[in-house]
Amino acid sequence: MESITYYNRSLGATPSWQFEMLKLLLPYWGLQLYGDTTEIRGGLEGYRVYVSEANDEFRELLTQRLEHTKVQLETQPQLADLIIQINYNDTYQSPLTIHEENRNYFLKPKNRISSSNLQQVIHQNIWLPFKKDKLSISVWNNSQTHLIDWLVYIIIQSRLQVHFQPLAGISLSDFQQLKNTILKNINQSFYLLQETILSNQDEWPQPPPLDQVDEELSFRPKPGTDNKTFNPFKTNQHQIATSPLNPFKNNSSDMKPSKINPFKKK
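Residues numbered from 1 in each chain as written. Predicted model: local features only at pLDDT ≥ 70, side-chain atom pairs only at ≥ 80, totals over all residues. Heavy atoms only, no water.

Peer 1: Residues and numbers for the side chain of aspartate 149, please.
Peer 2: Residue placement: aspartate 149 occurs in helix α4 (residues 147–160). Each residue touching aspartate 149, except ones within four places of it in the same chain, is listed here: Arg65 and Leu193. (Helix = DSSP H or I, 4+ residues; strand = E, 2+ residues; numbered from the N terminus. Contact = heavy atoms within 4.5 Å.)

Peer 1: Now, about the packing of helix α2 (residues 56–66) against α4: what can you tell me, with residues and values included?
Peer 2: Their axes nearest at 10 Å, the elements α2 and α4 cross at an angle of 50 degrees. In this view, α2 runs oblique relative to α4, as classed from their interaxial angle. α2 and α4 meet at a crossing whose hand is right-handed. Contacts between α2 and α4 involve Phe58, Leu61, Leu62, Arg65 and Leu66 on the former and, on the latter, Leu147, Ile148, Asp149, Leu151, Val152, Ile155 and Ile156. (Axes fitted to C-alpha atoms, helices over the stretch in contact; angles between N-to-C directions. Parallel < 35°, antiparallel > 145°, perpendicular 65-115°, else oblique. Left-handed = near helix turned anticlockwise from the far one by under 90°.)

Peer 1: Let's hear about the sheet that holds strand β4 (residues 39–42): which residues, and what values?
Peer 2: In any sheet, the strands associate via hydrogen bonds between backbone groups, in a parallel or an antiparallel arrangement. One open sheet accounts for four strands, arranged β2-β1-β4-β3; its pairing is mixed. Looking at the sheet topology across the chains shown, the edges are occupied by β2 (9–14) and β3 (31–33). Ignoring strand direction, the axes of neighbouring strands in this sheet form an average angle of 30 degrees. Looking at chain direction, strand β1 (residues 2–6) and β4 are connected through two bridges and run parallel. Note that in β4 the partner of tyrosine 6 across the bridge is isoleucine 40. (Pairing = 2+ DSSP bridges.)

Set out below in C-alpha coordinates:
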(Lines give C-alpha, C1' and ligand atoms only; values in the text may rest on other atoms or scores of the structure.)
Protein backbone atom coordinates (compact mmCIF):
# COMPACT_ATOMS: atom_id res chain seq x y z
CA MET A 1 0.00 0.00 0.00
CA GLU A 2 1.08 3.56 -0.74
CA SER A 3 0.24 6.32 1.73
CA ILE A 4 -0.92 9.42 -0.20
CA THR A 5 -0.69 12.98 1.08
CA TYR A 6 -1.59 16.41 -0.30
CA TYR A 7 0.81 19.00 1.09
CA ASN A 8 1.40 16.73 4.10
CA ARG A 9 -2.34 16.18 4.65
CA SER A 10 -3.16 12.47 4.64
CA LEU A 11 -5.51 11.21 1.91
CA GLY A 12 -5.32 7.57 2.94
CA ALA A 13 -3.59 4.64 1.23
CA THR A 14 -3.99 2.91 -2.11
CA PRO A 15 -2.58 -0.34 -3.53
CA SER A 16 0.69 0.06 -5.43
CA TRP A 17 -0.90 -0.99 -8.73
CA GLN A 18 -3.62 1.65 -8.34
CA PHE A 19 -1.04 4.25 -7.34
CA GLU A 20 0.53 3.78 -10.79
CA MET A 21 -2.84 4.72 -12.32
CA LEU A 22 -3.08 7.73 -10.04
CA LYS A 23 0.27 9.01 -11.31
CA LEU A 24 -1.16 9.06 -14.85
CA LEU A 25 -4.32 10.87 -13.77
CA LEU A 26 -2.71 13.61 -11.68
CA PRO A 27 -1.57 15.91 -14.56
CA TYR A 28 -5.10 15.79 -16.04
CA TRP A 29 -6.35 17.03 -12.66
CA GLY A 30 -3.76 19.81 -12.51
CA LEU A 31 -1.65 17.96 -9.95
CA GLN A 32 1.82 16.42 -9.73
CA LEU A 33 3.83 14.30 -7.35
CA TYR A 34 6.60 15.96 -5.39
CA GLY A 35 9.76 14.30 -6.69
CA ASP A 36 9.84 10.55 -6.05
CA THR A 37 7.53 10.78 -3.05
CA THR A 38 3.83 10.00 -2.69
CA GLU A 39 3.04 13.62 -1.78
CA ILE A 40 0.69 15.37 -4.21
CA ARG A 41 1.14 19.06 -4.92
CA GLY A 42 -0.42 21.64 -7.21
CA GLY A 43 0.87 21.26 -10.75
CA LEU A 44 0.45 24.97 -11.54
CA GLU A 45 2.23 26.36 -8.50
CA GLY A 46 3.91 29.67 -9.38
CA TYR A 47 1.97 29.86 -12.69
CA ARG A 48 0.17 33.17 -13.26
CA VAL A 49 -2.83 33.50 -15.59
CA TYR A 50 -4.84 36.50 -16.72
CA VAL A 51 -8.32 36.08 -18.26
CA SER A 52 -9.90 39.07 -19.99
CA GLU A 53 -13.59 39.89 -19.56
CA ALA A 54 -13.47 38.24 -16.12
CA ASN A 55 -15.41 40.07 -13.43
CA ASP A 56 -15.03 39.32 -9.73
CA GLU A 57 -17.69 36.59 -9.70
CA PHE A 58 -16.22 34.90 -12.77
CA ARG A 59 -12.72 35.01 -11.28
CA GLU A 60 -13.94 33.65 -7.95
CA LEU A 61 -15.64 30.65 -9.57
CA LEU A 62 -12.60 29.92 -11.72
CA THR A 63 -10.37 30.18 -8.65
CA GLN A 64 -12.54 27.65 -6.79
CA ARG A 65 -12.29 25.17 -9.64
CA LEU A 66 -8.49 25.55 -9.81
CA GLU A 67 -7.65 26.09 -6.15
CA HIS A 68 -5.95 22.69 -5.82
CA THR A 69 -3.55 23.46 -8.70
CA LYS A 70 -2.14 26.52 -6.87
CA VAL A 71 -2.40 28.63 -10.04
CA GLN A 72 -2.54 32.39 -9.46
CA LEU A 73 -5.18 34.37 -11.36
CA GLU A 74 -3.95 37.89 -12.06
CA THR A 75 -6.00 41.06 -12.57
CA GLN A 76 -3.32 42.70 -14.73
CA PRO A 77 -2.07 41.05 -17.95
CA GLN A 78 1.50 42.33 -17.61
CA LEU A 79 1.95 40.16 -14.50
CA ALA A 80 0.80 36.92 -16.13
CA ASP A 81 2.66 34.00 -17.70
CA LEU A 82 -0.45 33.20 -19.76
CA ILE A 83 -2.95 35.72 -21.15
CA ILE A 84 -6.34 34.45 -22.32
CA GLN A 85 -8.35 36.89 -24.43
CA ILE A 86 -12.07 36.05 -24.51
CA ASN A 87 -14.44 37.12 -27.31
CA TYR A 88 -18.17 36.36 -27.49
CA ASN A 89 -19.96 35.62 -30.77
CA ASP A 90 -23.64 35.94 -31.66
CA THR A 91 -23.08 33.99 -34.89
CA TYR A 92 -22.53 30.28 -34.44
CA GLN A 93 -19.22 28.79 -35.55
CA SER A 94 -18.57 26.30 -32.78
CA PRO A 95 -19.13 26.28 -29.02
CA LEU A 96 -15.45 27.14 -28.55
CA THR A 97 -12.87 28.42 -31.05
CA ILE A 98 -9.15 28.89 -30.42
CA HIS A 99 -7.35 31.28 -32.78
CA GLU A 100 -3.70 31.09 -33.80
CA GLU A 101 -2.53 33.74 -36.26
CA ASN A 102 -3.83 32.35 -39.60
CA ARG A 103 -5.53 29.29 -38.10
CA ASN A 104 -8.83 28.72 -36.31
CA TYR A 105 -9.39 25.58 -34.25
CA PHE A 106 -13.06 24.75 -33.80
CA LEU A 107 -13.55 22.58 -30.74
CA LYS A 108 -16.59 20.51 -29.87
CA PRO A 109 -16.83 19.86 -26.13
CA LYS A 110 -18.66 16.66 -25.32
CA ASN A 111 -22.29 17.02 -24.25
CA ARG A 112 -22.93 13.28 -24.14
CA ILE A 113 -20.08 11.41 -22.51
CA SER A 114 -19.36 7.85 -23.51
CA SER A 115 -18.25 5.97 -20.42
CA SER A 116 -16.10 3.74 -22.61
CA ASN A 117 -13.73 6.59 -23.53
CA LEU A 118 -11.96 7.93 -20.44
CA GLN A 119 -9.73 10.19 -22.55
CA GLN A 120 -12.74 12.23 -23.64
CA VAL A 121 -14.51 12.07 -20.30
CA ILE A 122 -11.73 13.58 -18.25
CA HIS A 123 -11.44 16.89 -20.14
CA GLN A 124 -14.79 16.95 -21.95
CA ASN A 125 -13.02 16.51 -25.30
CA ILE A 126 -11.27 19.88 -24.90
CA TRP A 127 -7.78 19.88 -26.43
CA LEU A 128 -5.38 22.83 -26.56
CA PRO A 129 -3.75 22.53 -30.02
CA PHE A 130 -0.63 24.60 -29.30
CA LYS A 131 1.33 26.19 -26.45
CA LYS A 132 1.80 29.95 -26.36
CA ASP A 133 1.84 32.65 -23.71
CA LYS A 134 -1.22 34.34 -25.22
CA LEU A 135 -4.46 32.66 -26.31
CA SER A 136 -7.36 34.18 -28.22
CA ILE A 137 -10.62 32.32 -27.66
CA SER A 138 -14.10 32.88 -29.10
CA VAL A 139 -17.19 31.52 -27.39
CA TRP A 140 -20.68 31.20 -28.79
CA ASN A 141 -23.00 33.34 -26.64
CA ASN A 142 -25.27 30.39 -25.87
CA SER A 143 -22.27 28.50 -24.43
CA GLN A 144 -21.15 31.17 -21.98
CA THR A 145 -22.43 29.29 -18.93
CA HIS A 146 -19.90 26.51 -19.63
CA LEU A 147 -16.92 28.79 -20.28
CA ILE A 148 -15.44 28.58 -16.78
CA ASP A 149 -15.34 24.78 -16.90
CA TRP A 150 -13.72 24.82 -20.34
CA LEU A 151 -11.14 27.36 -19.18
CA VAL A 152 -10.22 25.05 -16.29
CA TYR A 153 -9.08 22.39 -18.77
CA ILE A 154 -7.38 24.88 -21.09
CA ILE A 155 -5.38 26.39 -18.22
CA ILE A 156 -4.36 22.96 -16.92
CA GLN A 157 -3.29 21.85 -20.40
CA SER A 158 -1.34 25.04 -21.06
CA ARG A 159 1.12 24.00 -18.35
CA LEU A 160 0.80 20.22 -17.93
CA GLN A 161 -0.17 18.91 -21.37
CA VAL A 162 3.42 17.78 -21.91
CA HIS A 163 2.97 15.33 -19.00
CA PHE A 164 -0.23 13.76 -20.33
CA GLN A 165 -0.02 10.04 -21.03
CA PRO A 166 -2.66 7.70 -22.56
CA LEU A 167 -5.22 6.42 -20.07
CA ALA A 168 -6.27 3.29 -21.96
CA GLY A 169 -5.11 1.04 -19.12
CA ILE A 170 -7.38 2.70 -16.55
CA SER A 171 -10.90 1.33 -16.24
CA LEU A 172 -13.82 3.60 -15.48
CA SER A 173 -14.32 1.88 -12.13
CA ASP A 174 -10.68 2.53 -11.13
CA PHE A 175 -11.05 6.13 -12.26
CA GLN A 176 -14.21 6.51 -10.19
CA GLN A 177 -12.55 5.05 -7.12
CA LEU A 178 -9.50 7.31 -7.34
CA LYS A 179 -11.70 10.32 -8.03
CA ASN A 180 -13.86 9.56 -4.99
CA THR A 181 -11.03 8.75 -2.58
CA ILE A 182 -8.28 11.16 -3.72
CA LEU A 183 -9.66 14.05 -5.79
CA LYS A 184 -12.76 14.55 -3.65
CA ASN A 185 -10.54 15.19 -0.63
CA ILE A 186 -8.36 17.69 -2.49
CA ASN A 187 -10.85 20.03 -4.21
CA GLN A 188 -14.59 19.53 -3.88
CA SER A 189 -15.37 22.04 -6.66
CA PHE A 190 -13.16 20.35 -9.27
CA TYR A 191 -14.37 16.95 -8.07
CA LEU A 192 -17.99 17.98 -8.70
CA LEU A 193 -17.03 19.13 -12.21
CA GLN A 194 -15.64 15.68 -12.96
CA GLU A 195 -18.64 14.05 -11.28
CA THR A 196 -21.09 16.06 -13.39
CA ILE A 197 -19.62 15.09 -16.74
CA LEU A 198 -19.62 11.43 -15.76
CA SER A 199 -23.25 11.49 -14.68
CA ASN A 200 -24.44 12.96 -18.01
CA GLN A 201 -26.51 15.56 -16.19
CA ASP A 202 -25.14 18.53 -18.08
CA GLU A 203 -25.74 19.32 -21.75
CA TRP A 204 -24.32 21.99 -24.03
CA PRO A 205 -26.68 24.16 -26.11
CA GLN A 206 -27.75 22.62 -29.37
CA PRO A 207 -26.00 24.06 -32.48
CA PRO A 208 -27.89 25.37 -35.52
CA PRO A 209 -29.03 22.90 -38.21
CA LEU A 210 -26.25 21.21 -40.14
CA ASP A 211 -26.85 23.26 -43.30
CA GLN A 212 -25.84 26.36 -41.33
CA VAL A 213 -22.53 24.84 -40.25
CA ASP A 214 -19.46 25.11 -42.48
CA GLU A 215 -18.33 21.76 -43.88
CA GLU A 216 -14.76 22.56 -42.76
CA LEU A 217 -15.80 23.36 -39.20
CA SER A 218 -13.06 21.39 -37.44
CA PHE A 219 -10.43 23.71 -38.89
CA ARG A 220 -10.43 26.55 -41.38
CA PRO A 221 -7.54 28.91 -42.31
CA LYS A 222 -8.29 32.60 -41.99
CA PRO A 223 -9.11 34.42 -45.25
CA GLY A 224 -6.15 35.51 -47.32
CA THR A 225 -3.87 32.66 -46.33
CA ASP A 226 -2.65 29.71 -48.37
CA ASN A 227 -1.66 27.45 -45.47
CA LYS A 228 -2.43 23.79 -45.79
CA THR A 229 -5.26 22.50 -43.65
CA PHE A 230 -4.12 21.18 -40.28
CA ASN A 231 -6.55 19.46 -37.93
CA PRO A 232 -5.08 18.58 -34.50
CA PHE A 233 -7.81 15.98 -33.96
CA LYS A 234 -7.09 14.12 -37.20
CA THR A 235 -5.21 10.83 -37.20
CA ASN A 236 -1.89 11.37 -38.95
CA GLN A 237 1.22 9.41 -38.03
CA HIS A 238 3.59 12.13 -39.25
CA GLN A 239 1.87 14.67 -37.01
CA ILE A 240 2.04 12.34 -34.05
CA ALA A 241 5.78 11.99 -34.39
CA THR A 242 6.44 15.73 -34.48
CA SER A 243 3.82 17.18 -32.10
CA PRO A 244 2.82 16.80 -28.44
CA LEU A 245 0.73 13.79 -27.53
CA ASN A 246 -2.99 14.36 -28.10
CA PRO A 247 -4.61 11.75 -25.84
CA PHE A 248 -8.01 12.41 -27.43
CA LYS A 249 -6.82 11.33 -30.89
CA ASN A 250 -7.40 7.83 -32.23
CA ASN A 251 -4.05 6.38 -33.32
CA SER A 252 -4.47 4.09 -36.26
CA SER A 253 -1.86 3.33 -38.89
CA ASP A 254 -2.13 3.74 -42.63
CA MET A 255 -4.95 6.22 -42.36
CA LYS A 256 -4.89 8.99 -44.93
CA PRO A 257 -5.50 12.58 -43.80
CA SER A 258 -9.11 13.61 -44.28
CA LYS A 259 -11.26 16.66 -43.71
CA ILE A 260 -13.51 16.15 -40.72
CA ASN A 261 -16.78 17.82 -39.76
CA PRO A 262 -17.21 17.00 -36.04
CA PHE A 263 -20.85 18.11 -36.18
CA LYS A 264 -21.89 15.87 -39.09
CA LYS A 265 -24.40 13.24 -38.03
CA LYS A 266 -23.43 9.67 -38.81
